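Each chain, letter by letter, is given below.
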Amino acid sequence: MIISMRNWLPVSLIFLASSSWADSPVRVDGTSHMADISRALVAAAEDTNYLITVENEESGSGGGFKRFSLGLSDINKSARHIKDRERKECTDREIDFVEVVVGHSQDQSESLRLFVNSESLQRECVRNFLGYCLSDNAQALVESHGKRLSEVELNTSRSTLRIAIAAAIQNPKGSESSDAPKDRPSRSGNADATRGPR
C-alpha cells in the first residue's frame, strides 16, 4: 500500500498537536469544598475536548493560593473571596489574575470561584477549559450538584473572561511562548488590567 504525503501530513500534525497538549495539562488547585461540582466539570471538560487535560489538586483554598501566588498553578478554585494577605502575595510576585464564578452550593451559602493567572490565558487549553466551565452544558451539570449561575451572573463571568483573554493575548508577558505556567514572577507592564477585584 502506498501512503501519499497528502494523507500522511494531517495525521502527523494531529499527532504532534496531541503530544504537545498531553505534555501541558491545565493545573488546577484549591478548595475541596464543592468538590462534586469541580470534579464533575473537570471530567466533563476532558470528555468533551480530547485536547484538554487537567491536573486537579485539592490543597485547600489557602494552600492553593500559596501555590497560585508562586506561579505553580494556572487556576485556584475557592469557595471564598481571596484574603488581603493572599492578594498581596500575588501582587508582590506580579501575578495578575481574573476571578470568575462558575456555580453555587445547593443552599447558595458558597460559590465556586476560579482565580485564573492572566498569563495562563495565553494557553489555548486553559481558555478551552474555562470556556467549557461557563458553557450551557456545564451549567446544566452544575445544577445536578448545586445551583447554576443566574443569567446575569453567567453573562458577567463570560464577559469578565472574554475581556481578560483579549488582554492576555494582546499584551503577552515576556517574549517566550511557553505552554506551561511560569515558576517565576511575571513581568507585566499592565498589572492592573486583569488583576482580580480589590
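Everything below is about the structure printed above this text.
Undergrad: Where do I start with the pattern of salt bridges in this structure?
TA: Opposite charge on two side chains permits them to pair, given that their charged atoms come into close proximity. Tallied over the full model, the rule gives 9 salt bridges. Of the charged contacts in the structure, one is a salt bridge between arginine 123 and aspartate 74, with a shortest N-O distance of 2.8 Å. Here arginine 123, found in the loop between strand 5 (111-117) and helix 5 (124-133), pairs with aspartate 74, found in the loop between helix 3 (60-69) and strand 3 (75-78); they are 49 residues apart in sequence, far enough to count as distant. No difference in accessibility class separates arginine 123 from aspartate 74, as the two residues are buried. Sharing partners across several salt bridges, the network here consists of Lys66, Arg85 and Glu89.

Undergrad: It is not clear to me how the nonpolar core should be interpreted in this structure. Could you clarify?
TA: Counting 35 residues, the largest nonpolar core has Leu121 and Phe129 as the members making the most contacts within it. The set of elements that each furnish at least two residues to this core consists of strand 1 (26-30), helix 2 (35-48), strand 4 (97-104), strand 5, helix 5, helix 6 (136-143) and helix 7 (151-170). In terms of residue count, helix 5 provides more of this core than any other element does, 6 residues in total. Those residues in contact with leucine 121 that lie beyond four places of it in its chain are Val98, Val116, Val126, Arg127, Leu130, Leu161, Ala164, Ile165 and Ala168. In terms of nonpolar packing, the next biggest core, distinct from the first, is built from 7 residues, Phe65, Cys90, Ile95 and Phe97 among them.

Undergrad: Got a minute to help me understand the side chain of serine 105 in this structure?
TA: With respect to the helices, strands and loops of the structure, serine 105 is situated in the loop between strand 4 and strand 5. The class for serine 105 is buried, based on a relative accessible area of 10%. At 3.1 Å, the side chain of serine 105 forms a polar contact with the backbone nitrogen of serine 109. In contact with serine 105, not counting residues within four places along its chain, are Met34, Glu110, Gly146 and Lys147.

Undergrad: What's the story with the side chain of glutamate 86 in this structure? I'm lost.
TA: Along the chain, glutamate 86 falls in helix 4 (residues 84-92). One polar contact links the side chain of glutamate 86 to the main-chain amide nitrogen of lysine 83, over a distance of 2.9 Å.

Undergrad: Can you walk me through the environment of serine 157 in this structure?
TA: Topologically, serine 157 is positioned in helix 7. In sequence terms serine 157 and leucine 134 are 23 residues apart; their C-alpha atoms lie 7.6 Å from each other.

Undergrad: I'm lost on the sheet that holds strand 1 in this one. Help?
TA: Either a parallel or an antiparallel arrangement is found when strands of a sheet pair, and the pairing is made through backbone hydrogen bonds. Taken together, 5 strands build an open sheet; the order of strands is 2-1-3-5-4 and the sheet is mixed. The open sheet has two free edges, formed respectively by strand 2 (54-56) and strand 4, since each of these has just one partner strand. Each adjacent strand pair in this sheet contributes to an overall mean axis angle of 20°, direction not counted. Examined bridge by bridge, strand 3 and strand 5 share 4 bridges and lie antiparallel to one another. Following the sheet pairing, lysine 77 is matched in strand 5 by leucine 114. Relative to the sheet, helix 2 contacts strand 2, strand 3, strand 4 and strand 5, its axis offset from that of strand 2 by approximately 165°. Where helix 3 meets the sheet, its contacts fall on strand 1, strand 3, strand 4 and strand 5, and the angle it forms with strand 3 comes to roughly 160°.

Undergrad: Sorry, what's going on with the packing of helix 2 against helix 5 here?
TA: A pair of packed helices is characterised by two quantities: the angle between their axes and the separation of those axes. Running from N to C, helix 2 and helix 5 point in directions that differ by 115°, and their axes come no closer than 10 Å. Considering how the two elements wind past one another, helix 2 and helix 5 form a crossing that is right-handed. Facing Leu41, Val42, Ala44, Ala45 and Thr48 of helix 2, the residues of helix 5 in contact are Phe129, Tyr132 and Cys133. A class-by-class count of the residues in the contact of helix 2 with helix 5 yields 7 nonpolar, 1 polar and no charged.

Rules used in this analysis
For every chain, the first residue of the written sequence is number 1, and numbering continues from 1 onward in sequence order. In keeping with the predicted nature of the model, local features appear solely for residues at pLDDT of at least 70, side-chain atom pairs appear and are counted solely at 80 or more, and the whole-chain, interface and lining totals rest on all residues. Where side-chain values are given, they derive from all heavy atoms of the structure, hydrogens and water being excluded. Salt bridge, as used here: a side-chain nitrogen of Lys or Arg that lies within 4 Å of a carboxyl oxygen of Asp or Glu. A helix here means a DSSP run of H or I that spans at least four residues, while a strand means a run of E at least two residues long, and both kinds are numbered starting from the N terminus. Throughout, exposure labels follow a simple rule: accessible area from a 1.4 Å probe, protein chains only, divided by the maximum for the residue type, with under 20% read as buried, over 50% as exposed, and the rest as partly exposed. Take the buried residues of types Ala, Val, Leu, Ile, Met, Phe, Trp, Tyr and Cys, join any two whose side-chain atoms come within 4.5 Å, and each joined set is a nonpolar core. Here, two residues are considered to be in contact whenever any of their heavy atoms come within 4.5 Å of each other. Whenever a nitrogen or oxygen atom comes within 3.5 Å of another N or O atom, the pair is scored as a polar contact, on the condition that within protein one atom can donate a hydrogen and the other can accept it, and that pairs from neighbouring residues in sequence are kept only if both atoms are in side chains. Pairing between strands is defined by DSSP: at least two bridges between the two strands are required. Lines fitted to C-alpha atoms define the axes, with helix axes restricted to the stretch in contact, and inter-axis angles between N-to-C directions lie between 0 and 180 degrees. Each crossing gets its handedness from the near helix: less than a right angle anticlockwise from the far helix is left-handed, clockwise is right-handed. When residues are grouped by polarity, Ala, Val, Leu, Ile, Met, Phe, Trp, Tyr, Cys and Pro land in nonpolar, Asp, Glu, Lys and Arg in charged, and all others, Gly among them, in polar.

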